[in-house]
Amino acid sequence: MKYPATTSEGFETFPSITPSATQCPPWLRVGFALLAISLVNSVACAKGPVATASTTAKADSSAAIPAPSEAVPDHAPLPHIDSKRAFEYTREVTAFGPRYIGSENHKKLERYIFDHLKGDQVEDDAFIADTPEGKFPVRNILAKFPGTKDGIIVIFGHYDTNYPLRNSGYVGANDGGSSTAILLEFARYFESESQLLHGKKRDGYSVWLVWTDGEEAVKSWTDTDSVYGSRHLAEKWEKDGTLKKIKALLVMDMIGDADLNIDRNTNGEPWLLDLIYTAAERGGYQSHFYGRQGPIEDDHIPFFKRGVPTADVIDLDYGYNNVFHHTPQDTMDKLSPKSLEIVGNTILEAIHMIDQR
Ligand SMILES: [Zn+2]
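Predicted, not measured: the structure shown is a model, and the values here were computed from it. (Residues numbered from 1 in each chain as written. Predicted model: local features only at pLDDT ≥ 70, side-chain atom pairs only at ≥ 80, totals over all residues. Heavy atoms only, no water.)

J.: Hey, could you go over the packing of aromatic side chains for me, with residue numbers and the actual values?
T.: Here the structure, examined in full by the defined rule, presents 11 aromatic pairs. With a centroid separation of 5.4 Å and an interplanar angle of 80 degrees, the aromatic rings of Phe156 and Phe303 are classed as edge-to-face. Within this pair, whereas Phe156 is found in strand S4 (residues 152-158), its partner Phe303 is found in helix H8 (residues 301-304), the two being separated by 147 residues in sequence. Among the aromatic residues, those joined into a cluster by ring pairs are Phe156, Trp208, Trp237 and Phe303. Above the plane of the ring of Trp271 lies Arg357, whose end atom (NZ or CZ) is 3.6 Å from the centre. (Phe/Tyr/Trp six-rings, centres within 6.5 Å; stacked < 30°, edge-to-face > 60°. Helix = DSSP H or I, 4+ residues; strand = E, 2+ residues; numbered from the N terminus. Lys NZ or Arg CZ within 6 Å of the ring centre and 35° of its normal.)

Structure representation (structure tokens):
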């Protein structure tokens, strides 16, 4: 594993990302502003020496954390997930082993996801991706829960694991595992909601859960070697008009870390980022949100670029200095059901709030 030498002069050494040919983070440039610390540390993800370009950013703690929201007189019990079950899903998904595109385990996981969606309105978005390592079958899996309001809330979570690390013992418990699992748990939630309504539409927007594929770069992260499944869906939905119906698109990624710190990814829609923070506040979870902020590239980017309101819910501080990210140490022992609960409940509340907008 290759560690970064130093950051640029004049910047605090937090947080350094560890880019290398095989441990390339799934975003080309990552910058953060840490509370009370002024920095933006951009990291290029490429082979060979890493150029660390830097720009300055004002230390602005108020930028990361929205002002406390007005107390909302909403005394309805907050929606909640079953965190034990969500954690068990994470364990089962991770137990498949490496799940990179083109692998047998990847196919097994597809079947596992489909098996868990029996009775749901499921769609298969399969295609062949042209990558720097050749052609691969890529498949987004969708579960749709229709709503009474005209519009769609889309939740993404990628299920593929890092391709360059395929022979390293890397299993992606957090990066790939947690995102797959939280969506399975959301499916359970919306299934039971539907049962309570005796099969009637949910009272709000339609919710589409999408297990995205090919999020990871096969060589190193570029606009064309990354987010294969998401790019495919964005193009397709632009053509068929679906894009215009999306009220919000939320991405779940690396949300299982026991030491949970969800970053405010500034590649996102400000009102939606603020809404998520308010949802977190309602659950008393705000200390796990937005301690840092900066632009991160992830599955939402093809939609963000097209003007869809997006928010990437990600904790890119996985182990100090993000040391477990894209390493064989990304294992179940680093994760906690509590973190899945914090994110899961916050997102369910956020959906509830978007429904009421
Ligand atoms: Zn990754």
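J.: Any details on the coordination of the zinc ion? Residues and values, ideally.
T.: Binding of the zinc ion to the protein goes through Asp175 (OD), Glu216 (OE), Glu216 (OE) and His326 (NE2), at separations of 1.8 to 2.7 Å. In this structure, the zinc ion is surrounded by 4 donor atoms whose angles at the metal cover 53 to 154 degrees, and the resulting shape is irregular. In the primary sequence, the donor residues of the zinc ion line up as D-x40-E-x109-H. Remark: His326 occurs in the loop between strand S9 (310-314) and helix H9 (337-355) and Glu216 occurs in the loop between strand S5 (206-212) and helix H5 (228-240); sequence separation between them is 110 residues. Per residue, the accessibility class of Glu216 equals that of His326, and both read buried. (Donors = N, O, S within 2.8 Å, 3.2 Å for Na, K, Ca; no water. Tetrahedral: all angles 85-135°; square planar, octahedral: opposite > 155°, others 65-115°. Buried < 20%, exposed > 50% of the residue type's maximum accessible area, 1.4 Å probe, protein only.)

J.: Describe the pattern of salt bridges, naming the residues involved and giving the relevant values.
T.: If you walk through the whole model with that rule in mind, you get 19 salt bridges. Note that Asp130 and Lys135 form a salt bridge whose closest N and O atoms lie 3.2 Å from each other. Neither residue differs from the other here; Asp130 and Lys135 are each classed as exposed. Shared partners join several salt bridges into a network, and the residues in it are Glu110, Asp124 and Arg139. (Salt bridge = Lys/Arg side-chain N within 4 Å of Asp/Glu carboxyl O.)

J.: Could you give me a rundown of the packing of helix H7 (residues 270-282) against H9, with the residues and numbers involved?
T.: Running from amino to carboxyl end, H7 crosses H9 at an angle of 120 degrees, the nearest separation of the two axes being 8 Å. As summarised for this structure, H7 and H9 are arranged oblique, according to the angle between their axes. Between H7 and H9 lies a crossing whose hand is right-handed. Residues Leu272, Leu275, Ile276, Thr278, Ala279, Ala280 and Arg282 of H7 pack against Thr346, Glu349, Ala350, Met353 and Ile354 of H9. Taken together, the residues of the contact of H7 with H9 break down into 8 nonpolar, 2 polar and 2 charged. (Axes fitted to C-alpha atoms, helices over the stretch in contact; angles between N-to-C directions. Parallel < 35°, antiparallel > 145°, perpendicular 65-115°, else oblique. Left-handed = near helix turned anticlockwise from the far one by under 90°. Contact = heavy atoms within 4.5 Å. Nonpolar A, V, L, I, M, F, W, Y, C, P; charged D, E, K, R; others polar.)

J.: Go over H9, please, and point to the residues and values.
T.: The end-to-end C-alpha distance of H9 is 27 Å, a good match for the 27 Å that 19 residues give at a rise of 1.5 Å each. By the criterion of burial, H9 is predominantly enclosed, with 16 of the 19 residues buried. Its side-chain oxygen at 3.0 Å from the backbone nitrogen of Lys338, Ser336 defines the N-terminal cap of H9. (Expected span 1.5 Å × (residues − 1). Polar contact = N/O pair within 3.5 Å; in protein donor to acceptor, adjacent residues only side chain to side chain.)

J.: Describe the side chain of Asp253, naming the residues involved and giving the relevant values.
T.: Secondary-structure assignment places Asp253 in strand S6 (residues 246-253). One buried charged residue, Asp253, remains without a salt bridge, the closest side chain of opposite sign being Arg99 at 9.9 Å. Here His158 takes part through its side chain, which lies 3.2 Å from a polar atom of the side chain of Asp253. (Lys, Arg positive; Asp, Glu negative; His and termini not counted.)

J.: Pulling in residues and values, what's your account of empty space enclosed by the protein?
T.: Scanning the model with the defined rule gives 3 cavities of 30 Å³ or more in all. Approximately 40 Å³ is the volume attributed to the second largest cavity. Here the lining of the second largest cavity is composed, by residue class, of 7 nonpolar, 1 polar and 3 charged. (1 Å grid on protein atoms, 1.4 Å probe; cavity = no way out; pocket = protein on both sides within 12 Å on 5 of 7 lines; lining within 4 Å. Points joined across faces, edges and corners; volume = space filled by probe spheres on them.)

J.: For H5, give the residues involved together with the corresponding values.
T.: With 13 residues, H5 should cover 18 Å at 1.5 Å per step; its first-to-last C-alpha distance of 19 Å lies within 8% of that length. Within H5 the residues assigned to the buried category are Tyr228, Gly229, Ser230, Leu233, Ala234 and Trp237. Positioned one or two residues after H5, Gly241 has a phi angle of 90 degrees, which is positive.

J.: Account for the pairing of strand S8 (residues 289-294), with residues named and values stated.
T.: Where burial is concerned, most of S8 is hidden: 5 out of the 6 residues are buried. For strand S7 (residues 262-265) and S8, the ladder comprises 3 bridges, and the chain directions are parallel. Residue Ile262 lies in a different strand from S8, and its bridge partner there is Phe289. Between the parallel pair S7 and S8, the chain is carried across by H7, and the sense of this crossover is right-handed. (Pairing = 2+ DSSP bridges. Right-handed = clockwise from strand over helix to strand, strands pointing away.)

J.: Residues and numbers for the environment of Gly204, please.
T.: In this fold, Gly204 is placed in the loop between helix H4 (173-196) and S5. Put simply, Gly204 and Lys149 are 55 residues apart on the chain and 5.1 Å apart in space, counted from C-alpha to C-alpha. Setting aside residues up to four positions removed in sequence, Gly204 forms contacts with Gly147, Thr148, Lys149 and Asp355.

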